[in-house]
Amino acid sequence: MNLAIELIDAGYLRGEILDRTNLGATCAIVAGITIAGREFLEKLKREKRERSWRGRMTKAIWAFWGWIVGLLGPHISDVSQFVARWWHTLSH
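Summary of the structure given here. (Residues numbered from 1 in each chain as written. Predicted model: local features only at pLDDT ≥ 70, side-chain atom pairs only at ≥ 80, totals over all residues. Heavy atoms only, no water.)

1. Overview of the packing of aromatic side chains
Inclusion rule: By convention, a stacked pair of Phe, Tyr or Trp rings (six-membered ring in the case of Trp) has centres within 6.5 Å and planes under 30 degrees apart, an edge-to-face pair has planes over 60 apart, and any other such pair is tilted. Helix numbers and strand numbers start at the N terminus; a helix is a DSSP run of H or I with at least 4 residues, a strand a run of E with at least 2. Only protein chains enter the accessibility calculation, which uses a 1.4 Å probe. A residue is then buried if its area is under 20% of the maximum for its type, exposed if over 50%, and partly exposed in between.
Applying the stated criterion across every chain, the model contains three aromatic pairs. Look at F64 and W67: their rings are 5.8 Å apart centre to centre, the planes differ by 35°, and that puts the pair in the tilted class. A residue pair is termed a helical-turn pair when its members lie 3 or 4 positions apart in one helix, as F64 and W67 do in helix α3 (residues 53-72) at three residues. W67 carries the same exposure label as F64, and that label is exposed.

What follows is the structure, given as structure tokens:
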């Protein structure tokens, strides 16, 4: 119950807190999720994916791919000429 009350207070859920005492709220009615709540949920899901094994592996692969492209960058024209000549020999 406290989580729902905190989410209502933060503006992530639509609802009404029915009973507030000196010790805190004790009852709430939840009517749905707000746009801010949806954005917060997506942020939490994204962070979970990024921390997962698959998310870390994806980042590592992109970093490795960037390193390879950086190494090959100065030689792109040579590689493209080689591929064009090879393709030309295959088609004749």
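Don't stop here, the text continues.
2. Structural notes on the nonpolar core
Across soluble globular proteins, nonpolar side chains have a tendency to be buried as a group. Put simply, the test is: The criterion is simple. A nonpolar core is a set of buried Ala, Val, Leu, Ile, Met, Phe, Trp, Tyr and Cys residues joined through side-chain atoms within 4.5 Å. When checking whether two residues touch, look at their non-hydrogen atoms; a contact exists if any pair is within 4.5 Å.
If you look at the biggest cluster of nonpolar residues, it comprises five residues: I5, I8, L13, I17 and A28. Those elements that place two or more of their residues in this core are α1 (2-10) and β1 (13-21). Not counting residues within four places of it along the chain, the set of residues in contact with I8 comprises L13, G15, E16, I17, A28, I29 and V30.

3. Remarks on the packing of helix α2 (residues 35-51) against α3
Quick note on the threshold: All axes here are fitted lines through C-alpha atoms, helices being fitted over the stretch that makes contact, and every angle between N-to-C directions spans 0 to 180 degrees. Angles below 35 degrees are treated as roughly parallel, those above 145 as roughly antiparallel, those between 65 and 115 as roughly perpendicular, and all remaining angles as oblique. Lys, Arg, Asp and Glu make up the charged group, whereas Ala, Val, Leu, Ile, Met, Phe, Trp, Tyr, Cys and Pro make up the nonpolar group; the residues left over, Gly among them, are polar.
Here α2 crosses α3 at 70°, and the two axes come no closer than 4 Å. Classed by the angle they form, the pair α2 and α3 counts as roughly perpendicular. Here α2 contributes R49, E50 and R51 to the contact with α3, which in turn contributes W53, G55, R56 and K59. Of the residues assigned to the contact of α2 with α3, the class counts are one nonpolar, one polar and five charged.

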